[in-house]
Amino acid sequence: MNIKSNQAIGVFDSGIGGLTVVRSLMERLPFENIIYFGDTARVPYGIKSVETINHYALQITEFLLRKEVKMLVVACNTMAAVAYQAIKDLSPVPVMEVIEASARNAVSETTTKSIGVIGTPATINSNAYARAIHLLDRDAKVYSQACPLFVPLVEEGWFDHPATRLIAQEYLKPVLAEHIDSLVLGCTHYPLLKSLLKEIAGKKIKLIDSAEAMAAATADLLNQLNLGNADRRPPKYLFCVSDLPYRFQTIGERFLGRTLGQVELVRL
Ligand code: DGL
């Protein structure tokens, strides 16, 4: 397959949260064209079965491949945890996923080798983070916690609401009791709770932001494959969603910290 460097990067997520990864990609790779797909009709994925998540993930992969992307970036931790292999098997272009990048970051940041991981129930139940961390360091101890209420709270824009604070304190209690020194934010939505989580976790615990880790790993891979866009013109961004494009646009601009332009409605 002949991949051209000016083809777009295809980023996908179960909904709006993957825009945190897009934001990091835009900052890190300012000349890359990006096509984003958010499955707003079927979000959240994090509380669905492995079979359903796989089925949806492959439909999105097919859609982005039809758009002739040069690389796929699975921004959604839940899809990466459950469906990465299936996506890779289907894709003729390189596939980046968020879990390895974050695990690598966590292992390099920890000094005590006690690492906390928070994510959706599907991500935590898959054990994908613990596996990825143990592949890099067999002695690391991983303490995981599913935080199912975080996604709706973030979708609501309650980044620093007293209710969010209370729920976060409850969720973090067991992992903090294990004296972790780093905490992986293993979900697209959690970087938006970063300052609140930082306050609760305390200064000594490093928060591993999966969006930043993902952008750094994508930049490395593009370099390695010599696929970075050499074109220095302003890049093109296309946002596609499966439902409610106007809502995506309004909330998405908060996630992205800039205007989104046109959002296309796509039925898979
Ligand atoms: N994108 C999902 C993740 O990163 C969170 C939202 C969902 O549950 O679909 O795990």
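Report follows, based on the coordinates. Given the structure is predicted, the values throughout are model-derived calculations rather than measurements. (Residues numbered from 1 in each chain as written. Predicted model: local features only at pLDDT ≥ 70, side-chain atom pairs only at ≥ 80, totals over all residues. Heavy atoms only, no water.)

Right, let's talk about the sheet that holds strand β1 (residues 9-13) for a bit. Read from one edge to the other, the open sheet built from six strands follows the order β4-β3-β1-β2-β9-β10, with strand pairing classed as parallel. Among the strands making up the open sheet, the edge pair consists of β4 (95-97) and β10 (263-265). Here the strands of the sheet are splayed against their neighbours by 20 degrees on average, with no regard to which way each runs. Note that strand β3 (residues 71-74) and β4 share three bridges and pair parallel. By the bridge assignment, Val 74 is partnered in β4 with Glu 97. (Pairing = 2+ DSSP bridges. Helix = DSSP H or I, 4+ residues; strand = E, 2+ residues; numbered from the N terminus. Axes fitted to C-alpha atoms, helices over the stretch in contact; angles between N-to-C directions.)

What the rule picks out here adds up to seven aromatic pairs. With a centroid separation of 5.2 Å and 85 degrees between ring planes, the pair formed by Phe 150 and Tyr 171 is classed as edge-to-face. Within this pair, whereas Phe 150 is found in helix α7 (residues 150-155), its partner Tyr 171 is found in helix α8 (residues 162-176), the two being separated by 21 residues in sequence. Here Phe 150 matches Tyr 171 in class, with each residue buried. A cation over an aromatic ring shows up here: Arg 42 above the ring of Tyr 56, its NZ or CZ 3.6 Å from the ring centre. (Phe/Tyr/Trp six-rings, centres within 6.5 Å; stacked < 30°, edge-to-face > 60°. Buried < 20%, exposed > 50% of the residue type's maximum accessible area, 1.4 Å probe, protein only. Lys NZ or Arg CZ within 6 Å of the ring centre and 35° of its normal.)

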